[in-house]
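These are the residues of each chain, in order.
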Amino acid sequence: MCYTSSMPTTGILLDDRFKRHATGDGHPESPRRLEVIQRALADAGWLERCAMIPARAAEDAVLQYVHTHAYLTRLDAACRQGYPYIDVPDSAICPESFDIARLAAGGTLEAVRRVARGELRRAFCAVRPPGHHAERDRSMGFCLLNNAALAACVLKQEFGLDRILILDVDVHHANGTQHIFEADPSVLVISLHGHPHYLYPGSGYEDETGIGPGRGYTMNIPFLPGATDDDYREAFKTRVIPAVGRFAPQMILLEIGFDAHRDDPLGNLALTDDVFAWMTEVAIELAERHAQGRLVSILEGGYNADVLARCVPEHLRLLAG
Ligand SMILES: [Zn+2]
């Protein structure tokens with residue numbers, strides 16, 4: 001008997017509880033983003049065709065692979081005491097936010113473990129709050145816990161991997177992810193984003209390439225306002241694909257943000273739906289070539305509902321293809 005052929009090879013993490021992280025009226029990182037994604041994926045039939053990955057709270061010990069005990073205690077207390085935000089007004093919280101962020105992180109870790117064990121080939125984590133701006137010891141830019149960084153640490157600690165790629169295509173620089181691994185040659189962090197001179201968070205210059213033993217394992221590719229699909233394709237062909245080839249990752253984590261789209265209210269680039277599909281295909285191909293196919297895509301930004309409703313189902317169609 002062979003069950004393999006009928007087993008879904010792509011998993012999806014999407015939990016109603018992620019919508020309970022309330023950020024207040026007018027905040028772009030709202031529960032509505034997940035509603036739109038959920039509806040679009042359901043309408044396209046992807047929720048039935050993928051394996052559902054359960055969200056479970058990430059353990060304290062695992063959170064401390066990345067975050068300081070002091071920050072975790074502070075975040076927990078700020079939520080329980082009903083503070084409206086932590087560290088910066090951007091990072092809005094509600095009393096449940098720490099619990100929800102732990103669920104999102106823990107669900108992402110479950111997705112990564114299943115892919116690392118070969119139970120799933122690929123996975124998509126439709127999580128919020130997002131993670132890539134979160135630093136070891138503080139929140140930034142809507143992000144509370146750094147989901148992808150935690151995933152990379154679990155791959156190192158539990159699976160012994162020593163060549164993990166984090167590829168970030170959100171329009172904003174992946175400052176948290178970069179800083180967490182900037183001295184670590186076992187995690188290559190590549191971030192494509194709007195130029196820091198014009199866009200939040202004001203870091204991610206090309207000459208930020210890592211420190212100490214991690215020098216050469218951070219790659220930043222900033223784009224001037226109005227950059228197009230062709231600019232992104234060119235950067236992938238001349239820089240990203242060769243760098244990934246040299247590194248030969250054992251697993252790929254994709255921090256996918258849809259805010260580099262020309263219709264996004266927070267971005268300043270001019271990408272279209274086409275290049276998001278193309279980047280997904282490139283990530284899949286790189287995973288097939290170097291990482292036994294193992295690819296986990298983790299949602300970061302993207303604030304235009306129509307863009308999310310079109311691009312996320314297409315992203316999943318390609319992952320599940
Ligand atoms: Zn972003």
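Look up a bit, the structure's there.
Predicted model only: the values in this text are computed from it and were never measured.

1. Some details on the overall build of the chain
Then, number 1: Of regular secondary structure, the chain possesses 10 helices and 8 strands.
Then, number 2: Radius of gyration (C-alpha) of the chain: 18 Å, near the 20 Å computed for a compact globule of 321 residues.
Then, number 3: Overall, the chain is about 50 × 50 × 40 Å in size when its C-alpha atoms are taken along their principal axes.
Then, number 4: The buried share of the chain, taken over its 321 residues, is 60%.
Then, number 5: Look at the contacts in the chain between residues 6 or more apart in sequence, and 77% of them connect residues 24 or more apart.
Then, number 6: A total accessible area of about 12300 Å² is found for the chain, and carbon and sulfur atoms account for 50% of it.
Then, number 7: For the chain, the centre of its 31 positive side-chain charges and the centre of its 43 negative side-chain charges are spaced 5 Å apart.

2. A word on the nonpolar core
Then, number 1: Grouped together as the largest cluster of nonpolar side chains are 106 residues, with contacts concentrated most on Ile 190, Leu 192, Tyr 232 and Phe 236.
Then, number 2: No other element matches helix H5 (residues 97–116), which puts 11 residues into this core.
Then, number 3: Setting aside residues up to four positions removed in sequence, Leu 192 forms contacts with Leu 167, Asp 168, Val 169, Asp 170, Ile 221, Phe 223, Tyr 232, Ala 235, Phe 236 and Val 240.

3. Observations regarding the sheet that holds strand S2 (residues 51–52)
Then, number 1: The 8 strands lie next to each other as S2-S1-S3-S8-S7-S4-S5-S6, forming an open sheet whose pairing is parallel. Among the strands making up the open sheet, the edge pair consists of S2 and strand S6 (218–223).
Then, number 2: Across 4 bridges, strand S3 (residues 122–125) lies against strand S8 (residues 295–299) in parallel orientation. Looking at the pairing, Arg 122 lines up with Leu 295 of S8.
Then, number 3: Docked against the sheet, helix H6 (residues 147–159) engages strand S4 (164–168), strand S5 (187–194), strand S7 (251–256) and S8, running at close to 170° with respect to S7.

4. Quick look at the packing of H5 against H6
Then, number 1: Remark: H5 packs on H6, axes separated minimally by 9 Å, with the N-to-C direction vectors making an angle of 45°. Considered as vectors, H5 and H6 are oriented oblique to each other. In the packing of H5 onto H6, the handedness of the crossing is right-handed. Between H5 and H6, the contacting residues are Ala 104, Ala 105, Thr 108, Leu 109, Val 112, Arg 113 and Ala 116 on the first element and Asn 147, Leu 150, Ala 151, Val 154, Leu 155, Glu 158 and Phe 159 on the second.

5. Details of the state of the cysteines
Then, number 1: Enumeration over the complete set of coordinates arrives at 0 disulfides.
Then, number 2: Note on Cys 125: no disulfide assigned, nearest cysteine sulfur contributed by Cys 50 at a separation of 12 Å.

6. Observations concerning the coordination of the zinc ion
Then, number 1: Only Asp 170 (OD), Asp 170 (OD), His 172 (ND1) and Asp 259 (OD) from the protein reach the zinc ion as donors, at distances of 2.0 to 2.7 Å.
Then, number 2: Here the zinc ion binds 4 donor atoms, and the angle range of 53 to 155° at the metal identifies the geometry as irregular.
Then, number 3: In primary sequence terms, the donor set of the zinc ion follows D-x1-H-x86-D. With respect to burial, Asp 170 and His 172 carry one shared label: buried.

7. Comments concerning the environment of Asp 259
Then, number 1: With respect to the secondary-structure elements, Asp 259 resides in the loop between S7 and helix H9 (273–290).
Then, number 2: The class for Asp 259 is buried, based on a relative accessible area of 0%.
Then, number 3: Separated by 87 residues in the primary sequence, Asp 259 and His 172 place their C-alpha atoms 8.1 Å from one another.
Then, number 4: Excluding its chain neighbours within four sequence positions, the residues that come into contact with Asp 259 are Asp 170, Val 171, His 172, Asp 264, Gly 267, Gly 301, Gly 302 and Tyr 303.
Then, number 5: Only 2.9 Å separates the side chain of Asp 259 from the backbone nitrogen of Val 171, close enough to count as a polar contact.
Then, number 6: A polar side-chain atom of Asp 259 sits 3.2 Å from a polar atom in the side chain of His 172.

8. Comments concerning the packing of aromatic side chains
Two numbers describe a pair of aromatic rings. These are the distance of the centres and the angle of the planes.
Then, number 1: Scanning all chains against the criterion turns up 5 aromatic pairs.
Then, number 2: The interplanar angle of 85° and the centroid separation of 5.8 Å between the aromatic rings of Phe 142 and Tyr 303 together place this pair among those described as edge-to-face. One end of the pair, Phe 142, is in the loop between S3 and H6; the other, Tyr 303, is in the loop between S8 and helix H10 (305–320), and 161 residues separate them in sequence.
Then, number 3: When its relative accessible area of 12% is taken as the criterion, Phe 142 is described as buried.
Then, number 4: For Tyr 303, a relative accessible area of 13% translates into the label buried.
Then, number 5: Both rings, one in Phe 236 and one in Trp 278, keep their centres 5.6 Å apart while their planes meet at 85°; by these two values the pair is edge-to-face. Here the residue Phe 236 occupies a position in helix H8 (residues 229–247), and Trp 278 occupies one in helix H9, the gap between them amounting to 42 residues. Neither residue differs from the other here; Phe 236 and Trp 278 are each classed as buried.
Then, number 6: When the ring centre of Trp 46 is taken as origin, the NZ or CZ atom of Arg 49, which lies over that ring, is 4.2 Å away.

What counts, and at which threshold
- Residues numbered from 1 in each chain as written.
- Predicted model: local features only at pLDDT ≥ 70, side-chain atom pairs only at ≥ 80, totals over all residues.
- Heavy atoms only, no water.
- Helix = DSSP H or I, 4+ residues; strand = E, 2+ residues; numbered from the N terminus.
- Rg over C-alpha atoms; globule rule 2.2 N^0.38 Å.
- Buried < 20%, exposed > 50% of the residue type's maximum accessible area, 1.4 Å probe, protein only.
- Contact = heavy atoms within 4.5 Å.
- Areas by Shrake-Rupley, 256 points an atom, 1.4 Å probe, with all protein chains shown as cover.
- Lys, Arg positive; Asp, Glu negative; His and termini not counted.
- Charge placed at Lys NZ, Arg CZ, Asp CG, Glu CD.
- Core = buried A, V, L, I, M, F, W, Y, C linked by side-chain atoms within 4.5 Å.
- Pairing = 2+ DSSP bridges.
- Axes fitted to C-alpha atoms, helices over the stretch in contact; angles between N-to-C directions.
- Parallel < 35°, antiparallel > 145°, perpendicular 65-115°, else oblique.
- Left-handed = near helix turned anticlockwise from the far one by under 90°.
- Disulfide = S-S within 2.5 Å.
- Donors = N, O, S within 2.8 Å, 3.2 Å for Na, K, Ca; no water.
- Tetrahedral: all angles 85-135°; square planar, octahedral: opposite > 155°, others 65-115°.
- Polar contact = N/O pair within 3.5 Å; in protein donor to acceptor, adjacent residues only side chain to side chain.
- Phe/Tyr/Trp six-rings, centres within 6.5 Å; stacked < 30°, edge-to-face > 60°.
- Lys NZ or Arg CZ within 6 Å of the ring centre and 35° of its normal.

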